[in-house]
Amino acid sequence: MKQILLTNDDGFDAVGLKALIEALSSIAKIIVVAPAKNKSACGHSLTLDKPLRMDCLKDDFYKIDDGSPTDCVFISISNLFKEGYKPDLVISGINIGANMGEDITYSGTAAGAMEAVIHGVPAIAISQVCRDRCQDIQNNWDFELAKKTIIELVTKIFSNNFPLDERKFLNVNIPPIKADECNGIKVTKAGYREYGNDTHRHLNPRGEEFYWIGLHPLIWRESQNKDCDFEAIKANYVSITPVMLDMTSYNDIKSMENWLTK
């Protein structure tokens, strides 16, 4: 039976992770290694300044105390699989909230997939876009479309092959709609996110200053061909973006060489 390693950045008890387990338990052996607490926007961080403890909560279900998604994948691949063996697939999610455009660089969800492909394991990051993050979860969002999508993708991967070369992963975003409202799947590029500076300054009871970073609205620069992840979600499509870890700007190599010789 195929083995899938699951992680996330919302924590081991997150509703999105539970939905992912429900969706995939019938088609593969599931091993879960997730952070003990929410690690959203931790990026591709690896904990090097302290030891980490991996607690087994039940069969094939672990949490890592104060670990990042990167820690979870790194430690589990090295310690939970027999020497010479790796999981057939790593899936990170289902994240509560979008991971589109440059948010991929912040995302702990995407980072879990990044770490997997560094170790030669195919990977998917999957996120549920929310109209209103708090309200959607309070209303017991059913993740029907996300579960349907991930089952289709995993079945296709196991029946054929993973569609990308090494050190590349699939970044999937699910529109905030019911499954029967979805117009299909679009392969997209990462959009150009517009950022503000939603930082709030406060004083604690002792008069000491602190800052709270807020969540930015999903605003983006329109792409010429309307082919980015933001636009697919707006049009009620599932967005799948192939992402590569090589961030070299190849188009600028020659111009940089010319610049250095001037």
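The chain is annotated in an unreviewed UniProt entry as 5'-nucleotidase SurE of Arcobacter defluvii. Quoted verbatim from the Subcellular location (unreviewed entry) field of UniProt, the annotation for the chain is "Cytoplasm". Word for word, the UniProt comment on the chain under Function (unreviewed entry) is "Nucleotidase that shows phosphatase activity on nucleoside 5'-monophosphates."

Turning our attention to the environment of T149. By secondary structure assignment, the location of T149 is in helix α6 (residues 144-159). On a C-alpha basis, the gap between T149 and E231 in space is 18 Å, while along the polypeptide they are 82 residues apart. Once residues within four sequence positions are removed from consideration, T149 is found in contact with V172, I174 and V238.

Attention now goes to the sheet that holds strand β4 (residues 61-64). Reading across the sheet, the nine strands line up as β3-β4-β2-β1-β5-β6-β7-β13-β8 and stay open at both edges, with mixed pairing between neighbours. With one partner strand each, in any of the chains shown, β3 (54-58) and β8 (185-187) form the two edges of the open sheet. Taking the axes of each pair of neighbouring strands and ignoring which way they run, one obtains an average angle of 25° across the sheet. Sheet topology note: the strand β2 (residues 29-35)/β4 ladder contains four bridges and is parallel. Directly across from A34, in β4, lies its bridge partner K63. Across the face of the sheet, helix α1 (residues 15-24) comes into contact with β1 (3-7), β2, β4 and β5 (89-96) while running at roughly 135° to β5.

About the criteria used
- Residues numbered from 1 in each chain as written.
- Predicted model: local features only at pLDDT ≥ 70, side-chain atom pairs only at ≥ 80, totals over all residues.
- Heavy atoms only, no water.
- UniProt positions renumbered as here; feature names shortened; annotations may be inferred.
- Helix = DSSP H or I, 4+ residues; strand = E, 2+ residues; numbered from the N terminus.
- Contact = heavy atoms within 4.5 Å.
- Pairing = 2+ DSSP bridges.
- Axes fitted to C-alpha atoms, helices over the stretch in contact; angles between N-to-C directions.

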